[in-house]
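# Descriptive analysis of the structure
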Amino acid sequence: MAERIALMSEIKVPVLSKSRAVPFLEPGAMAHSKPFPAGPEIQARLGFPDKLVPDWEKVAVNTLGDLVKQSRALRVFLDSCVKCGACTDKCHYFLGTADPKNMPVARQDLLRSVYRRYYTFAGKFFPGLVGARDMTKEVLDDWYSYFHQCSQCRRCSVFCPFGIDTAEISMAARHIMSSVGLGQKYTNEIISKVHNIGNNLGLPEPALADTLASLEEDVKEETGVDVRFPLDIKGAEVLVVTPSADFFAEPHIDGLIGYAKVFHAAGVSWTLSSHASEASNFSMFIGSHSNLQRVAVRIREAAQELGVRRIIVGECGHAWRVAYNYWNTLIGPFDFLDRNYPIPQHICEFTHDLIDRGALRFDKSVNDDKVVTFHDSCNVSRASRMGNHPGGQFTIPRAIIRACCNHFYDMAPETIHEKTFCCGGGGGLLTDDLLELRVKGAAPRMNALRQVVEEHGVNHVAAICAICKSQFAKVLPYYQFPMNMVGSVHGLVSKAIQLGPGIKRV
Ligand code: SF4
Ligand code: SF4
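The rules we used
Residues numbered from 1 in each chain as written. Chains lettered and ligands numbered in written order. Predicted model: local features only at pLDDT ≥ 70, side-chain atom pairs only at ≥ 80, totals over all residues. Heavy atoms only, no water. Core = buried A, V, L, I, M, F, W, Y, C linked by side-chain atoms within 4.5 Å. Buried < 20%, exposed > 50% of the residue type's maximum accessible area, 1.4 Å probe, protein only. Helix = DSSP H or I, 4+ residues; strand = E, 2+ residues; numbered from the N terminus. Axes fitted to C-alpha atoms, helices over the stretch in contact; angles between N-to-C directions. Parallel < 35°, antiparallel > 145°, perpendicular 65-115°, else oblique. Left-handed = near helix turned anticlockwise from the far one by under 90°. Contact = heavy atoms within 4.5 Å. Salt bridge = Lys/Arg side-chain N within 4 Å of Asp/Glu carboxyl O. Near = heavy atom within 4 Å. Patch = residues over 30% accessible without salt bridge, like charges linked within 9 Å, V, L, I, M, F, W, Y side chains within 5 Å. Areas by Shrake-Rupley, 256 points an atom, 1.4 Å probe, with all protein chains shown as cover. Phe/Tyr/Trp six-rings, centres within 6.5 Å; stacked < 30°, edge-to-face > 60°. Pairing = 2+ DSSP bridges. Nonpolar A, V, L, I, M, F, W, Y, C, P; charged D, E, K, R; others polar.

Attention shifts here to the nonpolar core. Of all hydrophobic cores here, the largest spans 118 residues; its most connected members are F263, W327, M446, L449 and Y479. Ranked by residue count, the leading element in this core is helix α12 (residues 252–266), at 9 residues. In terms of nonpolar packing, the next biggest core, distinct from the first, is built from 44 residues, L67, F94, I164 and L429 among them.

Here we take up the packing of α12 against helix α15 (residues 347–356). Across the interface, α12 lies against α15 with an axial gap of 11 Å and an inter-helix angle of 40°. Accordingly, the angle class assigned to the pair α12 and α15 is oblique. Taken as a pair, α12 and α15 cross one another with a handedness that is left-handed. Contact with α12, carried on its side by Y259, V262, F263 and A266, involves I347, F350, T351 and L354 of α15 and no other residues of that element.

In this section: the pattern of salt bridges. Close approach of charged atoms lets side chains of opposite charge pair. Across all of its chains, the model carries 24 salt bridges by this definition. Ionic pairing is found between E237 and R309, a salt bridge with its closest N-O pair at 2.8 Å. Here E237 is found in the loop between α11 (205–223) and β3 (238–241), whereas its partner R309 is found in the loop between α13 (289–306) and β5 (310–313), with 72 residues between them in sequence. In this structure E237 comes out as buried when scored by relative accessible area, which is 16%. For R309, a relative accessible area of 41% gives the class partly exposed. In this structure, D353 engages R357 in a salt bridge whose closest nitrogen and oxygen atoms are separated by 2.9 Å. Note on R357: relative accessible area 44%, which makes it partly exposed.

Another point: the site of ligand 1. In the region of ligand 1, the neighbouring residues are C91, H92, Y93, P104, R107, C150, S151, Q152, C153, R154, C156 and T166. Listing elements by their share of the shell around ligand 1, those giving two or more residues are α4 (92–97) and α5 (104–119).

What follows deals with a nonpolar patch on the surface. Among the surface-exposed residues, F121, F125, F126 and L129 lie close enough to one another that they form a single nonpolar patch of about 520 Å² accessible area. Relative to the helices and strands, F121 is located in helix α6 (residues 121–125).

Looking now at the packing of aromatic side chains. If you walk through the whole model with that rule in mind, you get 11 aromatic pairs. Relative to W270, the ring of F263 has its centre 5.0 Å away and its plane inclined at 15°; by these criteria the two rings are stacked. By relative accessible area, which is 1% here, F263 ends up buried. Ring geometry for F334 against F336: centres 6.0 Å apart, planes inclined by 50°, an arrangement best described as tilted. Under the relative-accessibility criterion, F336 is labelled partly exposed at 26%.

This paragraph deals with the sheet that holds strand β9 (residues 486–488). Read from one edge of the open sheet, 3 strands run β7-β8-β9, paired in parallel fashion. Lying at the two open borders of the sheet, with one neighbouring strand each, are β7 (372–374) and β9. Neighbour-to-neighbour, the strand axes of this sheet turn through a mean angle of 35°, independent of strand direction. Taken together, the 3 bridges between strand β8 (residues 460–463) and β9 define a ladder with parallel strand orientation. In the strand pairing of β9, V461 is matched with V486. Relative to β9, helix α20 (residues 466–475) is tilted by about 160°, and along the sheet it contacts β8 and β9.

Now for the site of ligand 2. Around ligand 2 sit 13 residues in total, of which C81, C84, G85, C87 and C160 are the nearest. Split into classes, the residues belonging to the shell around ligand 2 amount to 10 nonpolar, 2 polar and 1 charged.

All right, on to the packing of helix α17 (residues 392–404) against helix α21 (residues 489–496) then. Orientation of α17 relative to α21, taken along the N-to-C sense of each, is 25°, at an axis distance of 9 Å. Accordingly, the angle class assigned to the pair α17 and α21 is roughly parallel. Pair α17 / α21 crosses with left-handed handedness. Where α17 approaches α21, its residues P397, I400, I401 and C404 are matched on the opposing element by V489, L492, V493 and A496. Classifying every residue of the contact of α17 with α21 gives 8 nonpolar, no polar and no charged.

This brings us to the environment of V130. Along the chain, V130 turns up in the loop between α6 and α7 (137–146). Since its relative accessible area comes to 26%, V130 is described here as partly exposed. In this structure, V130 is in contact with R116, A122 and G123, ignoring residues within four places of it in sequence.

A separate point is the sheet that holds strand β4 (residues 270–271). Here we have 4 strands laid out as an open sheet, ordered β4-β3-β5-β6, and parallel in their pairing. In this open sheet, the two strands that pair with only one neighbour each are β4 and β6 (345–346). Relative to β5, β3 runs parallel, the two being bridged by 4 bridges. Opposite V241, over in β5, you have V313 as the bridge partner. α13 contacts β3, β4 and β5 of the sheet and is inclined by roughly 155° relative to β3.

Shown next, in the form of structure tokens:
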């Protein structure tokens, strides 16, 4: 892809090109890329050692042994690679950086080599023959660098004939590193903020209440309609949990306004919760089940405390993956919720159902200044589903966009749906200490975007993930696209939805 290289700031930005080529290998090109490590206080708050433990090699190997005992999937992933090479050119970080250690199979081998050394017969007795390695400081340094160059997007697993999931291997490696006292600052600090304050942004309850009150005023001024943004309302029908980015800034907040308008138009009572003011759960990125459970359980507690009958999740990719895949076993059963509705339900499923039933009215022409494309977020596309038919996670958001926009074009088929390219900032990598990686890793998505910009005049990218939206706002300018080109799907809904008399209530 990178036919030539251009400079922007300190970062060599891949130049987008019509011919899609696998880059020439540049061994060690990203060996310097490492996120800041978590400080002792943050580590301790998550239940991890506050610094590298003295016998860390032994602890790391034992933790790996525990993980493969607990997860048959992990053991199968480590045992079954045949080095066919099908995954090698499928990772956006490899395509954007040319570093061969960013090929998925090479990334897996960083952990697999240690697994073989300590947990396979051949690796114990003939390590040189099977690529087995001792757990050393050099190996740990490699892990810290390259397992923080994997956004756990699972694209490689779609192309692997055995479905080997590098995301699971990457989560295991990060869990081992945290367990020996080497955590990553960005993810672990955010998890710690959720434990302490309740959300990723560290937004306390009074500030949240103020934000919601001012949103009510803004929407009243804009529409003349009393659209509510309720907080901690007991007896509401629906609890909405959403990424705290939705409370904060554009383009996220436009999505929240869209949710509120949909609830208003549908006449369905809803509430946010100050106790569960965060849908995101970064614990998944570090493979920490205890933290995953501790963060998620607030949502169950809030739902029970408020007496709601349904839980709806806002626009957040990995939060939906956690909700869809793990909530039931992690914080269930949800026998106190109304089983006539999906448990949990995605905000797109809710809005789409209303559209299907003719319960919402739109004036599409208000979005005529936009030629829209949709970015499928990895965690929604490859790790969850929506609706009651296969592929609903692809068709439902697009149906919503088409209901409120006249001009929509998809990006190239090999870059959407289950083959979507990561935004470059997922999996706990959305931090400025990894900006070079984020910019380079965004190149394949930016290249697909370039194509629809040139062919169809696309000027707006809609997404349903807070991380994708933040990442795009940051990296779009590196590729000469305007940063405000990205928006929420429910931001489009918000603009086009018709409120007031004449709407059909459900
Ligand atoms: S999971 Fe995604 S980021 Fe990780 S190696 Fe596979 S394609 Fe790359
Ligand atoms: S596609 Fe699967 S089996 Fe082939 S090299 Fe990659 S991980 Fe190994």
